[in-house]
Amino acid sequence: MSHDVAVLGVGMHPWGKWGKNFVTYGVHAARAALADAGVAWTDVDLVVGGETVRNGYGGYVAGATFAQALGWNGARVATSYAACATGAQALDTARARILAGLCEVALVVGADTTPKGFLAPNAGERWDDPDWLRFRLLGMTNPAYFALYARRRMDLYGATQEDFAQVKVKNARHGLENPYARYRKAVSVEDVMSSAVVSDPLHLLDICATSDGAAAVVLASTEYAKRLGLASPVRVSAVSTVTPTFPNTVMDMPNLSTDSSAAVGEPEHTFKESIARAAYEEAGIEPADVGVAEVYDLSTALELDWIEDLGLSGRGEAEQLLRAGETTIGGRIPVNPSGGLACFGEAVPAQALAQVCELTWQLRGQATGRQVEGATVGITANQGLFGHGSSVILSV
Amino acid sequence: MTATPAIEGWFTTGPEPALVGSRCTTCTTVYFPPLAGGFCRNPACDGEDFESTELSRRGRIWSYTDAQYQPPAPYVPASDPYEPFALAAVELPEGLTVLGQVAQGYGVADLRVGAEAELVVEILHDDLSIWRWKPVVELGQEADQ
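Residues numbered from 1 in each chain as written. Chains lettered and ligands numbered in written order. Predicted model: local features only at pLDDT ≥ 70, side-chain atom pairs only at ≥ 80, totals over all residues. Heavy atoms only, no water.

Draft legend 1. Local environment of the pattern of salt bridges. Residues and elements named next belong to chain A. According to the stated counting rule, one finds 24 salt bridges over all chains in the structure shown. Arg-151 is the salt-bridge partner of Asp-200, the closest N and O atoms lying 2.8 Å from each other. Separated by 49 residues along the polypeptide, Asp-200 in the loop between strand E5 (197–199) and strand E6 (202–203) and Arg-151 in helix H6 (residues 142–157) bring together distant segments of the chain. One exposure class covers both Asp-200 and Arg-151, and it is buried. Residues participating in the shared-partner salt-bridge network are Arg-153, Lys-272, Glu-273, Asp-305, Glu-308, Asp-309, Arg-315 and Glu-319. (Salt bridge = Lys/Arg side-chain N within 4 Å of Asp/Glu carboxyl O. Helix = DSSP H or I, 4+ residues; strand = E, 2+ residues; numbered from the N terminus. Buried < 20%, exposed > 50% of the residue type's maximum accessible area, 1.4 Å probe, protein only.)

Written as structure tokens, this is what we have:
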């Protein structure tokens, strides 16, 4: 039995700092996805929302909040939260019900309104919460974790700050023509290098911002797609949401330490590698089959880590790919043709869905101004807090 | 002035301070921070009994960075105006990596991946103390410092 489901439609609200309620963005994206699918809201029998934790109770029950805003239609409802992987987990919930025959057509929506500046923990004294303790005891911000990974690339593989800047330059160029991107301006290596150092070796322009935004996907069984007259729609071929394998020996945000490998040896693959491997295994493909990738560039250097975690290059070789222009549009394996987080800024519950929207447009040949030619398989990747991460494979 | 540890039970003080972890008496896996709940996280172990164990005072730097802007609350700055500080993740012989601020007076220029670091206890702010990582200057390099 095929595990594929069809992507009938995708839609987004442009990323930015618009100062509106997250529901406004979510409904905008949902209506765009439904219009793209040619499906009436009243025909949707499952709505899955990506939870936002910064917008009160309506955000905690995002699925129902979007359903009410679209007009109660009696659909089943679910809400997912999985940090940065929220959108992918919501997608997986919809996929599972479709594959189980419990649902025909599902709408998946993620939207967020974000505060300015560093993402700080919720208020209150919480001495048993690592996300609170890392600030209280160490002053360890998100960019500081990104900087640890970046520094390892420099000391172990000879990466330079100019390499990291080149990732930003590439992604800024990719995003120039993307109508949904927040930052659509060319950036030079000098711009990055002359921006303030936030956490050495990362400059301000190496680190992604936080944004408002929304993305939505309409999924259905391949039979339903056929009835709509879609012979070869973009398909979801894998959704990997695996947890780490003990001991997780790579320092992960927001932890103060790793597991110990003293009693049980290190697992064969790191957590991020295992996220991708599970996706490839589920789709029955190899990294060599991938023609385009959307990865979570919370920092420029992290994009290079992901290229290796996805098996698109050997360990320590991502800079060579970058320098050779292989990860830019027109290269062997374009990475972040949307412009990535560098051009969007992170809108947590929407971001993994935005990756799916972009790959859908890419595989349909509709990514005007940033089209990757000839790609038939695309992969997404992200990692969030507390053992959450995801990888989605789309094919056509 | 006697400093109080900023968090109870995570590290010892005195001339040779050490981090305090928990060791599972069933499978010997070591945890830091010490486990608050009584369950071993090794998926193949159902151990619920732990003993306190002092971790090695020296390890190898896994990576490092600094905080050039004042982190948001609940971080409490030690000085006004804010002074940037360095951070390091250090791999210990017990097979785990532990984050910490870097000892007063050292910055990223004093650190490299794979170099040795040693645990010290210093003032976090006011009269609260915290563990920190201090680079170990290797013999022959002291003249360069």
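Draft legend 2. The side chain of Asp-252 of chain A, seen in detail. All names here are of chain A. Mapped onto the elements of the fold, Asp-252 is located in the loop between strand E8 (235–240) and helix H10 (271–283). In this structure, Asp-252 is buried with no salt-bridge partner, the nearest side chain bearing the opposite charge being Lys-272 at 7.5 Å. Ignoring anything within four residues of it in the chain, the contact list for Asp-252 reads Tyr-145, Tyr-149, Phe-271 and Gln-383. (Lys, Arg positive; Asp, Glu negative; His and termini not counted. Contact = heavy atoms within 4.5 Å.)

Draft legend 3. Region of interest: helix H14 (residues 348–364) of chain A. All names here are of chain A. In this model, H14 (17 residues) spans 25 Å end to end at C-alpha, consistent with the 24 Å of a helix rising 1.5 Å per residue. Most of H14 is tucked away: 16 of the 17 residues are buried. A positive backbone phi angle near 80° is found at Gly-365, which sits one or two residues after H14. (Expected span 1.5 Å × (residues − 1).)

Draft legend 4. Here's a closer look at the sheet that holds strand E10 (residues 377–383) of chain A. Residues and elements named next belong to chain A. If you walk across this open sheet you meet the nine strands as E3-E2-E4-E7-E1-E8-E11-E10-E9, and the pairing is mixed. At either end of the open sheet lies a strand with only one pairing partner, and these are strand E3 (76–80) and strand E9 (292–295). Taken pair by pair, the neighbouring strands of this sheet meet at an average axis angle of 20°, ignoring direction. Strand direction decides the pairing type here: strand E1 (residues 5–16) and E8, joined by two bridges, are antiparallel. Along E8, the bridge assignment pairs Ala-6 with Arg-235. Strands in contact with helix H4 (residues 86–99) are E1, strand E2 (46–50), E3, strand E4 (105–112), strand E7 (212–220), E8 and strand E11 (389–395); relative to E2, the strand with the most contacts, it is inclined by about 165°. (Pairing = 2+ DSSP bridges. Axes fitted to C-alpha atoms, helices over the stretch in contact; angles between N-to-C directions.)

Draft legend 5. Broad picture of the environment of Phe-85 of chain B. Mapped onto the fold, Phe-85 of chain B is located in strand E6 (residues 85–91). Exposure remark for Phe-85 of chain B: the relative accessible area of 13% places this residue in the buried category. If near-sequence neighbours (up to four positions away) are discounted, Phe-85 of chain B is found in contact with Leu-138 and Gly-139 of chain A together with Asp-66, Ala-67, Pro-71, Tyr-75 and Gln-101 of chain B.

Draft legend 6. Highlighting the environment of Thr-258 of chain A. For Thr-258 of chain A, the location among the structural elements is in the loop between E8 and H10. Classification of Thr-258 of chain A as buried rests on a relative accessible area of 6%. Here the alpha-carbon distance between Thr-258 of chain A and Gly-11 of chain A, two residues 247 residues apart in the chain, equals 39 Å. Setting aside chain neighbours within four positions, we find Thr-258 of chain A in contact with Asn-248, Thr-249, Val-250 and Met-251 of chain A together with Leu-96 and Thr-97 of chain B.

Draft legend 7. Just the nonpolar core, in detail. In this structure, Leu-137, Tyr-280 and Leu-310 of chain A together with Trp-10, Leu-19, Trp-131 and Trp-133 of chain B are the most contacted members of the largest nonpolar core, which totals 87 residues. The element that contributes the greatest number of residues to this core is H6 of chain A, accounting for eight residues. Not counting residues up to four positions away in its chain, the partners in contact with Leu-137 of chain A are Trp-127 and Leu-256 of chain A together with Ala-6, Ile-7, Trp-10, Gln-101, Leu-124, Ile-130 and Trp-131 of chain B. (Core = buried A, V, L, I, M, F, W, Y, C linked by side-chain atoms within 4.5 Å.)

Draft legend 8. Examining the interface of chain A and chain B more closely. Across the contact, 41 residues belong to chain A and 47 residues belong to chain B. Interface of chain A and chain B: buried area, both sides summed, is about 3500 Å²; carbon and sulfur atoms make up 65% of it. In this assembly, chain A and chain B are joined by zero salt bridges. Counting across the interface, chain A meets chain B through 16 residue pairs in polar contact (both at pLDDT 80 or more). Among the secondary structure elements, those contributing two or more residues to the side of chain A that touches chain B are helix H5 (130–138), H6 and E5 of chain A. With nine residues, the single largest contributor to the side of chain A that touches chain B is H6 of chain A. Partitioning the side of chain A that touches chain B into residue classes produces 26 nonpolar, nine polar and six charged. (Buried area = accessible area lost by both parts, 1.4 Å probe. Polar contact = N/O pair within 3.5 Å; in protein donor to acceptor, adjacent residues only side chain to side chain. Nonpolar A, V, L, I, M, F, W, Y, C, P; charged D, E, K, R; others polar.)

Draft legend 9. How the structure looks around the sheet that holds strand E3 (residues 30–31) of chain B. Residues and elements named next belong to chain B. Read across the sheet, three strands follow the order E3-E2-E4 without closing on themselves; strand pairing throughout is antiparallel. Unpaired on one side and paired on the other, E3 and strand E4 (50–54) mark the two borders of the sheet. Here strand E2 (residues 20–24) runs beside E4; their pairing, made up of five bridges, is antiparallel. Looking at E4, one finds that Gly-21 is bridged to Thr-53.

Draft legend 10. Structural context of the packing of H6 of chain A against helix H11 (residues 300–309) of chain A. Residues and elements named next belong to chain A. At their nearest, the axes of H6 and H11 sit 8 Å apart, and the two run at 70° to each other. When the interaxial angle is binned, H6 and H11 end up roughly perpendicular. Regarding H6 and H11, the two cross each other, and that crossing is left-handed. The segment H6 lies against H11, with Tyr-149, Ala-150, Arg-153 and Tyr-157 engaging Ala-301, Leu-302, Leu-304, Asp-305 and Glu-308. By residue class, the composition of the contact of H6 with H11 is six nonpolar, no polar and three charged. (Parallel < 35°, antiparallel > 145°, perpendicular 65-115°, else oblique. Left-handed = near helix turned anticlockwise from the far one by under 90°.)

Draft legend 11. Focus on the UniProt feature "domain: Thiolase C-terminal" (unreviewed entry) in chain A. Listed under "domain: Thiolase C-terminal" (unreviewed entry) in the UniProt record, and renumbered for this structure, are residues 275–392 of chain A. Between the end C-alpha atoms of residues 275–392 of chain A the distance is 10 Å, and the span holds 40% helix and 13% strand. (UniProt positions renumbered as here; feature names shortened; annotations may be inferred.)

Draft legend 12. Spotlight on the confidence of the model for chain B. Confidence in the prediction of chain B, expressed as mean pLDDT, is 93, and 94% of residues score 70 or more. Scoring the predicted complex yields pTM 0.95 and, for the interface, ipTM 0.95. (pLDDT = per-residue confidence, 0-100.)

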